[in-house]
Amino acid sequence: MGKRFVKIDGEGTINGSEIWVDRETGVNYFFHFSGSAAGLTPLLNANGTPIVTPLSLED
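Thresholds applied
Residues numbered from 1 in each chain as written. Predicted model: local features only at pLDDT ≥ 70, side-chain atom pairs only at ≥ 80, totals over all residues. Heavy atoms only, no water. Phe/Tyr/Trp six-rings, centres within 6.5 Å; stacked < 30°, edge-to-face > 60°. Helix = DSSP H or I, 4+ residues; strand = E, 2+ residues; numbered from the N terminus. Buried < 20%, exposed > 50% of the residue type's maximum accessible area, 1.4 Å probe, protein only. Pairing = 2+ DSSP bridges. Axes fitted to C-alpha atoms, helices over the stretch in contact; angles between N-to-C directions. Contact = heavy atoms within 4.5 Å. Salt bridge = Lys/Arg side-chain N within 4 Å of Asp/Glu carboxyl O.

Enquirer: Looking at this structure, how should I read the packing of aromatic side chains?
Expert: The geometry of two aromatic rings is summed up by the distance between their centres and the angle between their planes. The final tally for this structure, using the stated rule, is 2 aromatic pairs. Ring centres of F5 and Y29 lie 6.3 Å apart, and the angle between their planes is 70°; this geometry places the pair in the edge-to-face category. With F5 in strand 1 (residues 5–12) and Y29 in strand 3 (residues 28–34), this residue pair connects regions lying 24 residues apart in the sequence. By relative accessible area, F5 is classed as partly exposed at 38%.

Given below as structure tokens:
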């Protein structure tokens, strides 16, 4: 089995943002970092439920 989380998008080096997907649940997370500070939150759709991306464990 590989890594549980996979980065599907991102930009920036010292300050930036990334989208990560949990390969077990498919839930998408937004990760923002700036220097030594960072924050992580699930991405939600218009009705407030988590955005889910179906991924195979081989991805």
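Enquirer: Quick question: what am I supposed to make of the sheet that holds strand 2 (residues 15–22) here?
Expert: Sheet strands pair via backbone hydrogen bonds, and the direction of the pair is either parallel or antiparallel. Within the open sheet, the 4 strands sit side by side as 1-2-3-4. Their pairing is antiparallel. The two strands at the open ends of the sheet, each matched to only one other strand, are strand 1 and strand 4 (37–42). Direction aside, neighbouring strands of the sheet carry axes that sit 20° apart on average. Bridging between strand 1 and strand 2 involves 7 bridges; their strand directions are antiparallel. Within the sheet, the bridge partner assigned to G10 lies in strand 2 and is E18.

Enquirer: Where do I start with the environment of F31 in this structure?
Expert: Within the secondary structure, F31 sits in strand 3. In the structure, F31 is positioned 11 residues away from P42 in sequence and 8.8 Å away in space, judged by C-alpha atoms. With near-sequence residues (within four places) excluded, F31 lies in contact with G16, S17, E18, W20, A38, G39 and L40.

Enquirer: Would you explain the pattern of salt bridges in this entry?
Expert: For side chains of opposite charge, pairing can occur when their charged atoms come near one another. Throughout the structure, instances matching the rule amount to 3 salt bridges. Between D22 and R4 there is a salt bridge, with its nearest N and O atoms 2.8 Å apart. Here R4 lies in the segment before strand 1 and D22 lies in strand 2, a separation of 18 residues in the sequence. Between E18 and K7 there is a salt bridge, with the nearest N and O atoms lying 3.7 Å from each other. One end of the pair, E18, is in strand 2; the other, K7, is in strand 1, and 11 residues separate them in sequence. Bridged by salt links that share partners, the residues R4, D22 and E24 form one connected network.

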